[in-house]
Amino acid sequence: MKDNPPWLFLEPYVHVIRQESDVLLYNTISKTVLEFSNSLALSNVADELLVPANGYVIPLSPSQLQDTEVRDFLHQIRQHFMGDLLDPSWSDGKPVNIFPEPFVRHGLNPVPVGQSPLKPGLEGRNYLQELTLFLNAGPDEAITPFAKTYLQFSYPSLVSEKEEQMDFHLFHALIDDVNHYTPTLIHISGMNLLAYPHLENVIRQLASSPFQKKYHLQIDHWVEQFISLILLQKQTTLSLYITFPTHPELIAGYLQSLPDLKLLKKLEYNLLVSNQEELQMALEIIKILDLRNVYLKPVYTGENLDFFRQNVFVSREEILAAQPDQQQVFSRISINENDFGKLSVFPGGEVCANLNDPRIGNATKSTLVQLVALELERGVSWRRTRASISPCKTCLYQFLCPPISSYEIFLKRYNFCDVCSNGEES
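Note that the structure is a prediction, hence the values are computed from the model and not measured.

Enquirer: Help me understand the overall build of the chain, please; the structure alone is not making it clear to me.
Expert: When helices and strands are tallied, the chain shows 13 helices and 17 strands. Dimensions of the chain along its principal axes, counting C-alpha atoms only, are 85 × 55 × 40 Å. For the chain, the proportion of contacts with a sequence separation of at least 24, taken over those separated by at least 6, is 70%. Roughly 21000 Å² of accessible area belongs to the chain as shown, and the carbon and sulfur atoms make up 50% of that amount. Positive and negative charge centroids in the chain, built from 34 and 49 side chains respectively, lie 5 Å apart.

Enquirer: How should I be thinking about the sheet that holds strand β10 (residues 185-189) in this particular structure?
Expert: By definition, the strands of a sheet pair up through backbone hydrogen bonds, in either a parallel or an antiparallel sense. Read across the open sheet, the 9 strands follow the order β14-β13-β12-β11-β10-β7-β15-β16-β17; overall the sheet is mixed. Strands with a single pairing partner mark the edges of an open sheet, and in this sheet they are β14 (294-298) and β17 (361-362). Pairing between strand β15 (residues 342-345) and strand β16 (residues 350-352): 2 bridges, direction antiparallel. The residue bridging Val345 from the neighbouring strand is Val351, located in β16.

Enquirer: I'm lost on the nonpolar core in this one. Help?
Expert: Soluble globular proteins: nonpolar side chains tend toward being buried together. Among the nonpolar cores identified, the biggest contains 86 residues, and Leu135, Phe171, Ile188, Leu199 and Leu343 are the most heavily contacted of them. Setting aside residues no more than four positions away along its own chain, Leu135 makes contact with Glu164, Gln165, Met166, Phe171, Ile188, Ser189, Gly190, Leu193, Tyr196, Leu199, Val202 and Pro347. With 24 residues, the next largest nonpolar core counts Val23, Leu60, Ile77 and Phe99 among its residues.

Enquirer: Looking at this structure, how should I read helix α7 (residues 248-256)?
Expert: Residues lying three or four places apart along an α-helix face the same way, a consequence of the helix completing one turn every 3.6 residues. Looking only at α7, the buried set comprises Pro248, Ile251, Ala252, Tyr254 and Leu255. Seen end-on, α7 carries its buried residues on one side only, within an arc spanning 160 degrees. In α7, the exposed residues that point more than 90 degrees away from the buried face are Glu249 and Gln256. In the core, the buried residues of α7 are packed alongside β12 (236-242), β13 (267-273) and α8 (276-289).

Enquirer: I keep staring at the pattern of salt bridges and nothing clicks. Help me out?
Expert: Any two side chains of opposite charge can pair, given that their charged atoms come close. Applying the stated rule across the entire model yields 10 salt bridges. A salt bridge links Arg18 to Asp47; the nearest nitrogen and oxygen atoms lie 2.5 Å apart. Of this pair, Arg18 sits in strand β2 (residues 14-18) while Asp47 is found in helix α1 (residues 40-49), placing the two residues 29 residues apart along the sequence. In this structure, the salt-bridge partner of Arg332 is Glu337, at a minimum N-O distance of 3.3 Å.

Enquirer: Before we go on, may I ask you to explain the packing of aromatic side chains in this structure?
Expert: Per the stated rule, a full pass over the model turns up 15 aromatic pairs. Between Tyr56 and Phe99, the aromatic rings sit 5.1 Å apart at their centres with planes inclined by 80 degrees, giving edge-to-face as the arrangement. Here the residue Tyr56 occupies a position in the loop between α1 and β5 (57-59), and Phe99 occupies one in the loop between β6 (83-86) and β7 (130-134), the gap between them amounting to 43 residues. For the residue pair Tyr56 and Phe99, the accessibility class agrees, reading buried in each case.

Enquirer: Is there a simple way to explain the environment of Ser63 in this structure?
Expert: For Ser63, the position within the fold is in helix α2 (residues 62-66). Overall, the relative accessible area of 54% leaves Ser63 in the exposed class. Along the primary structure Ser63 and Ala41 are separated by 22 residues, whereas in three dimensions their C-alpha atoms are 8.8 Å apart. Reaching out from Ser63, the side chain makes a polar contact with the side chain of Ser61 at a distance of 3.1 Å.

Enquirer: I keep staring at the sheet that holds strand β3 (residues 22-27) and nothing clicks. Help me out?
Expert: Spatially, 3 strands are ordered β2-β3-β4 in an open sheet, and the strand pairing comes out antiparallel. Only two strands of the sheet have a single partner each, and these edge strands are β2 and β4 (33-37). The sheet shows a mean angle of 15 degrees between the axes of neighbouring strands, direction not considered. In this structure, β3 lies alongside β4, joined through 5 bridges in antiparallel fashion. Looking at β4, one finds that Asp22 is bridged to Ser37. Along the sheet face, α1 touches β2, β3 and β4 and points at about 125 degrees away from the line of β2.

Enquirer: Explanation requested: the pairing of β12 in the structure shown.
Expert: Remember that side chains alternate between the two faces of the sheet whenever the strand is regular. Of all the 7 residues making up β12, 7 are buried; the element is thus mostly covered by neighbouring parts of the structure. By the alternation rule, side chains of β12 split into Thr236, Leu238, Leu240 and Ile242 and Thr237, Ser239 and Tyr241, which are all buried. Strand direction decides the pairing type here: strand β11 (residues 212-218) and β12, joined by 6 bridges, are parallel. When the sheet's bridge partners are listed, Leu217 is paired in β12 with Leu240. Viewed along the sheet, the connection from β11 through helix α6 (residues 224-231) into β12 turns out right-handed. Here β12 runs beside β13; their pairing, made up of 5 bridges, is parallel. What sits directly across from Tyr241, in β13, is Asn270. For the crossover from β12 across α7 to β13, the handedness is right-handed.

Parameters at a glance
- Residues numbered from 1 in each chain as written.
- Predicted model: local features only at pLDDT ≥ 70, side-chain atom pairs only at ≥ 80, totals over all residues.
- Heavy atoms only, no water.
- Helix = DSSP H or I, 4+ residues; strand = E, 2+ residues; numbered from the N terminus.
- Contact = heavy atoms within 4.5 Å.
- Areas by Shrake-Rupley, 256 points an atom, 1.4 Å probe, with all protein chains shown as cover.
- Lys, Arg positive; Asp, Glu negative; His and termini not counted.
- Charge placed at Lys NZ, Arg CZ, Asp CG, Glu CD.
- Pairing = 2+ DSSP bridges.
- Core = buried A, V, L, I, M, F, W, Y, C linked by side-chain atoms within 4.5 Å.
- Buried < 20%, exposed > 50% of the residue type's maximum accessible area, 1.4 Å probe, protein only.
- Arc of directions from axis to C-beta.
- Salt bridge = Lys/Arg side-chain N within 4 Å of Asp/Glu carboxyl O.
- Phe/Tyr/Trp six-rings, centres within 6.5 Å; stacked < 30°, edge-to-face > 60°.
- Polar contact = N/O pair within 3.5 Å; in protein donor to acceptor, adjacent residues only side chain to side chain.
- Axes fitted to C-alpha atoms, helices over the stretch in contact; angles between N-to-C directions.
- Right-handed = clockwise from strand over helix to strand, strands pointing away.

What follows is the structure, encoded as structure tokens:
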């Protein structure tokens, strides 16, 4: 037995993570989660299993087989079809198995200096999934108290020291460029979309675009002429943003001005809430107006962290209930699903992948393919995972948890949960 130990193996659909005091196994087929407290023997077993070169197959010594924690580990993985012991007599050598790690053809590893992150034969256009064009920007006084909301989610505003407008020639060039790509969605946004002097030309040019379009607009900026023109276009959605206080009658008046009530199906409603009172008002408006395609958007004000704890933070039970499949787990350990494949262009041409992160280039000087390459080469947004930031990198549930959100990046607080302590009181 000493010279011919049994082989412990785990199934390729099982994922393992070991932290200082615990080990977690997750079965991506049955969605079963097993947690174990670390003993020295179990820690050694987990560490060996996590070496990719071992291929999820390791020998177990007699002393390991006699360890109480290891024996319980073996019993649990057998019971939940996560692995087993193989008799050494079944094979002349080490059994072959597949270690579960994502296969990324290119683009997510550091690129050597002087080399392009886009290798020959790989199409950079396929990386771009969504493009947001901000047509105008302006001082934050114009949108107080929502001056920083656009950094938390896709609120239609963009703060700059002075008023800015995107040159229509730049817009035209960007659309001509993106029409050679395969994005799923083009977003049109800005400080006040309907104040953009070339909006009608924008709408008409996008009418011939083969992609889905979504216009973002504060409902207070409603102008019937342009609203109708936008909604009459094919493959187009209008995303409205509603802040409080407001009245159902005001919203109803806007909606009733539509030339055809069938256009209501092309509207999205984003209701911004920052406290329990606004949340209750939002729910009442949704009920009174019988709104569909509704999204409640929590707004962080700097003074309402308790509201976020009650309504945004997730619990351990909610994290486990998410039950990601194999592809989702691979995705979460490799990329940020919220940001990957997305670029935003400011009125002056500056480009970023997440509005909270540094600019990666300028659309007046680089093509979209080149900007994608810059994000792949030195950007942080697309590759930001929980395994790379604190306190998530020490958390047992890091690949079960949802991807890092703009809320967390904006607040510089990466634990919107009750699992990891932030070490502070707010």
